[in-house]
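Structural overview for review
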Amino acid sequence: MRFGRIAHPEGMCFCVIEGDDTAIKCREIAGTPFTEPEYTGREWALEDVRLLAPTLPSKIVAIGRNYADHVAEVFKKSAESLPPTLFLKPATAVIGPGAAIKIPEFATNVEFEGELALVIGKPCKNVKAEDWKSVVLGFTIINDVSSRDLQFSDGQWARAKGIDTFAPLGPWIETDLECIDTTNLPIKAHLTHNGVTETKQDSNSNQMIMNIGEIIEFITASMTLLPGDVVSTGSPAGTEAMHPGDFIEVEIPGIGRLGNPVERA
């Protein structure tokens with residue numbers, strides 16, 4: 001099942017996304033994705049609504065330096081000498097598919113980071129790695145937009161990664177946890193610059209240092225995760241600077257595509 005959140009002609013709602021690329025419909029549910037869906041009877045074709053970020057998290061908990069190829073690319077060190085680390089992105093950074101990433105003047109080297117993300121389905125603390133599926137509602141895509149200049153000048157990452165619009169999320173939540181092989185999952189990002197589209201990220205989750213279960217155990221040993229919270233599992237190599245006028249699209253098979261234009265704030 002796929003859960004989404006949409007803006008429709010009469011307001012906003014959570015919905016179940018059904019169909020394939022040729023005919024997708026959005027069936028409204030009365031509540032949220034964290035309870036058994038109760039259909040209202042209203043539905044819309046996807047082209048008649050606007051997709052929003054599929055969850056409203058209290059926080060985004062992200063793993064940095066979790067892909068060996070990305071550690072070498074950005075930090076110029078081996079993964080053995082620079083292990084994964086935790087950081088937070090605020091809820092105010094979240095935007096949905098198609099919404100603009102807005103770069104302020106003081107951020108001078110802003111890069112995309114296409115990543116696999118998890119949406120938490122229930123409150124959880126001290127979860128064992130082997131039990132991670134019991135607390136995860138489903139998978140989605142996140143673009144962990146990062147201002148490299150601020151990241152390295154500040155020393156800590158809150159400002160570099162927490163700027164408004166720096167967490168595009170979507171297009172929906174895929175709840176079939178068995179349909180996604182998280183040990184061998186292609187992750188791509190396509191950057192359109194000056195009208196030319198190039199694939200920049202073309203990696204695989206097999207580059208992960210900590211796997212999904214280990215990530216959940218690591219995080220919940222320290223903090224409680226709440227329904228709707230997002231866990232970002234790390235960026236593969238291939239990140240590159242974005243500029244106003246560009247368009248960035250992250251693609252993960254079985255989940256979908258998340259595309260956003262880039263503008264000056």
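With an unreviewed UniProt entry as reference, the protein chain is termed Fumarylacetoacetate hydrolase family protein, source organism Corynebacterium canis. In the Sequence similarities (unreviewed entry) part of its UniProt record, the protein chain is described as follows: "Belongs to the FAH family."

1. Remarks on the domain arrangement of the protein chain
You can read the domains of the protein chain as domain 1 (2–52) and domain 2 (60–264). Computed over C-alpha atoms only, the centres of domain 1 and domain 2 are separated by 25 Å. In this complex, domain 1 contributes nine residues to the contact, which on the side of domain 2 involves 15 residues. Here domain 1 and domain 2 share an interface that buries about 970 Å² over both sides, 66% of which is from carbon and sulfur atoms. Among the residues of domain 1 in contact with domain 2, Arg2, Phe3 and Phe34 are the three that bury the most area, contributing 62% of the side total.

2. Structural notes on the packing of aromatic side chains
As enumerated under the stated definition, the model contains two aromatic pairs in all. Where Phe87 meets Trp157, the ring centres are 5.2 Å apart and the plane angle is 65°; that geometry is what we call edge-to-face. Separated by 70 residues along the polypeptide, Phe87 in strand β7 (residues 85–89) and Trp157 in the loop between α2 (148–154) and α3 (158–162) bring together distant segments of the chain. In this pair, the class of Phe87 matches that of Trp157, namely buried. Taking the centre distance of 6.3 Å and the plane angle of 55° together, the rings of Trp132 and Phe139 count as tilted. Residue Trp132 is classed as buried on the basis of its relative accessible area, which comes to 11%. Phe139 sits in the buried class, given a relative accessible area of 0%. One residue, Arg27, lies across the ring of Tyr39, its end atom 3.8 Å from the ring centre.

3. As for the nonpolar core
Counting 45 residues, the largest nonpolar core has Leu116, Val136, Phe139, Ile216, Val231 and Met242 as the members making the most contacts within it. Top element by residues in this core is helix α4 (residues 212–220). It accounts for four residues. Setting aside anything within four residues of it in sequence, one finds Val231 in contact with Val61, Leu116, Ala117, Leu118, Ile120, Ile215, Ile216, Ile219 and Leu225. Counting residues in hydrophobic clusters, the runner-up holds 10 residues, among them Cys13, Ile17, Ile24 and Trp172.

The rules behind these values
- Residues numbered from 1 in each chain as written.
- Predicted model: local features only at pLDDT ≥ 70, side-chain atom pairs only at ≥ 80, totals over all residues.
- Heavy atoms only, no water.
- UniProt positions renumbered as here; feature names shortened; annotations may be inferred.
- Domains from an automatic or database assignment.
- Contact = heavy atoms within 4.5 Å.
- Buried area = accessible area lost by both parts, 1.4 Å probe.
- Phe/Tyr/Trp six-rings, centres within 6.5 Å; stacked < 30°, edge-to-face > 60°.
- Helix = DSSP H or I, 4+ residues; strand = E, 2+ residues; numbered from the N terminus.
- Buried < 20%, exposed > 50% of the residue type's maximum accessible area, 1.4 Å probe, protein only.
- Lys NZ or Arg CZ within 6 Å of the ring centre and 35° of its normal.
- Core = buried A, V, L, I, M, F, W, Y, C linked by side-chain atoms within 4.5 Å.

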